[in-house]
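In case you want the letters, here they are:
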Amino acid sequence: MAMSEERTGRLRDVGLLVLRVGLGVMFLHHGWPKISGGPEKWAQIGMATANLGVTFAPAFWGLMAALSEFGGGLCLIAGFATRIAAFFMAGTMAVAATMHLSSGDGLSVASHAIEAGVVFLSLILIGAGRFSLDARIAGRR
């Protein structure tokens, strides 16, 4: 027995909500210690950009990564500016994966960042779904 198109669409939107909220909560958890760590922590995190040839202002890049994770997590939960947040989060995961692979950690350590990056790229393409602030804002235009 085939599901109706309406029911399939609703389940897709519920799935996107679960995905966004679950991943968003986890990235709040990852991002907050980085934000609250202060300039020393930011500089330590920002050194990862050296693997891509970016060696200036490591504290700035570290703060941007922390804000990407924490702020992006908030955006995912609310479904607000989802594609933009996912873009920055995917970039942060690309830097993290590159850092792990360049330091010899191997694929098993880099896999978390790679997997999250794939999810963020998917969210860029498909958006937040019906149960989001993005959808409410688009509906009012």
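Please refer to the structure placed before this passage.
It should be emphasised that the depicted structure is a prediction, and the values quoted were computed from it without experimental measurement.

**Regarding the overall build of the chain**
No. 1: Looking only at helices and strands, the chain features 6 helices and 0 strands.
No. 2: Helices and strands in the chain line up, N terminus first, as α-α-α-α-α-α.
No. 3: Structurally, the chain occupies a C-alpha span of about 55 × 30 × 25 Å along its principal axes.
No. 4: Evaluated residue by residue, the chain yields a buried proportion of 30% over its 141 residues.
No. 5: For the chain, the share of sequence-separated contacts (at least 6 apart) that also reach a separation of at least 24 residues comes to 68%.

**Comments concerning the environment of Ala59**
No. 1: By the element assignment, Ala59 lies in helix H3 (residues 58-78).
No. 2: Among the residues examined, Ala59 registers a relative accessible area of 29% and is labelled partly exposed.
No. 3: Taking the C-alpha atoms as reference points, Ala59 and Glu40, 19 residues apart in sequence, are found 7.3 Å from one another.
No. 4: The contacts of Ala59, once residues within four sequence positions are left out, are Pro39, Trp42 and Ala43.

**Thoughts on the layout of surface pockets**
No. 1: In this structure, the largest pocket encloses a volume near 710 Å³.
No. 2: Around the largest pocket, the lining comprises 36 residues; the ones closest to its centre are Ile45, Ala65, Glu69, Thr92 and Met93.
No. 3: Breaking the lining of the largest pocket down by element, the ones donating at least two residues are helix H1 (5-36), helix H2 (38-46), H3, helix H4 (82-102) and helix H5 (107-126).
No. 4: Element by element, the count of residues in the lining of the largest pocket is highest for H4, at 11 residues.

**Focus on the pattern of salt bridges**
No. 1: Under the criterion given, the structure shown has 2 salt bridges.
No. 2: For the salt bridge of Arg12 with Asp13, the shortest nitrogen-to-oxygen distance reads 3.2 Å.
No. 3: Taking the relative accessible area as the measure of exposure, Arg12 reaches 41% and is therefore partly exposed.
No. 4: Here Asp13 falls in the buried class, since its relative accessible area comes to 8%.
No. 5: Linking Lys34 and Glu69 is a salt bridge whose minimum nitrogen-to-oxygen distance equals 2.9 Å. Remark: Glu69 occurs in helix H3 and Lys34 occurs in helix H1; sequence separation between them is 35 residues.
No. 6: Lys34 sits in the partly exposed class, given a relative accessible area of 22%.

**A word on the side chain of Thr49**
No. 1: Within the fold, Thr49 resides in the loop between H2 and H3.
No. 2: For Thr49, a relative accessible area of 12% corresponds to the buried category.
No. 3: Residues contacting Thr49, with those up to four places away along its chain left out, are Val54, Trp61 and Val95.

**Focus: a nonpolar patch on the surface**
No. 1: Among the surface-exposed residues, Phe56, Phe60, Trp61, Met64 and Leu67 lie close enough to one another that they form a single nonpolar patch of about 470 Å² accessible area.
No. 2: Summarising the element assignment, Phe60 is placed in helix H3.
No. 3: Here Phe60 falls in the partly exposed class, since its relative accessible area comes to 43%.

Parameters at a glance
- Residues numbered from 1 in each chain as written.
- Predicted model: local features only at pLDDT ≥ 70, side-chain atom pairs only at ≥ 80, totals over all residues.
- Heavy atoms only, no water.
- Helix = DSSP H or I, 4+ residues; strand = E, 2+ residues; numbered from the N terminus.
- Buried < 20%, exposed > 50% of the residue type's maximum accessible area, 1.4 Å probe, protein only.
- Contact = heavy atoms within 4.5 Å.
- 1 Å grid on protein atoms, 1.4 Å probe; cavity = no way out; pocket = protein on both sides within 12 Å on 5 of 7 lines; lining within 4 Å.
- Points joined across faces, edges and corners; volume = space filled by probe spheres on them.
- Salt bridge = Lys/Arg side-chain N within 4 Å of Asp/Glu carboxyl O.
- Patch = residues over 30% accessible without salt bridge, like charges linked within 9 Å, V, L, I, M, F, W, Y side chains within 5 Å.
- Areas by Shrake-Rupley, 256 points an atom, 1.4 Å probe, with all protein chains shown as cover.

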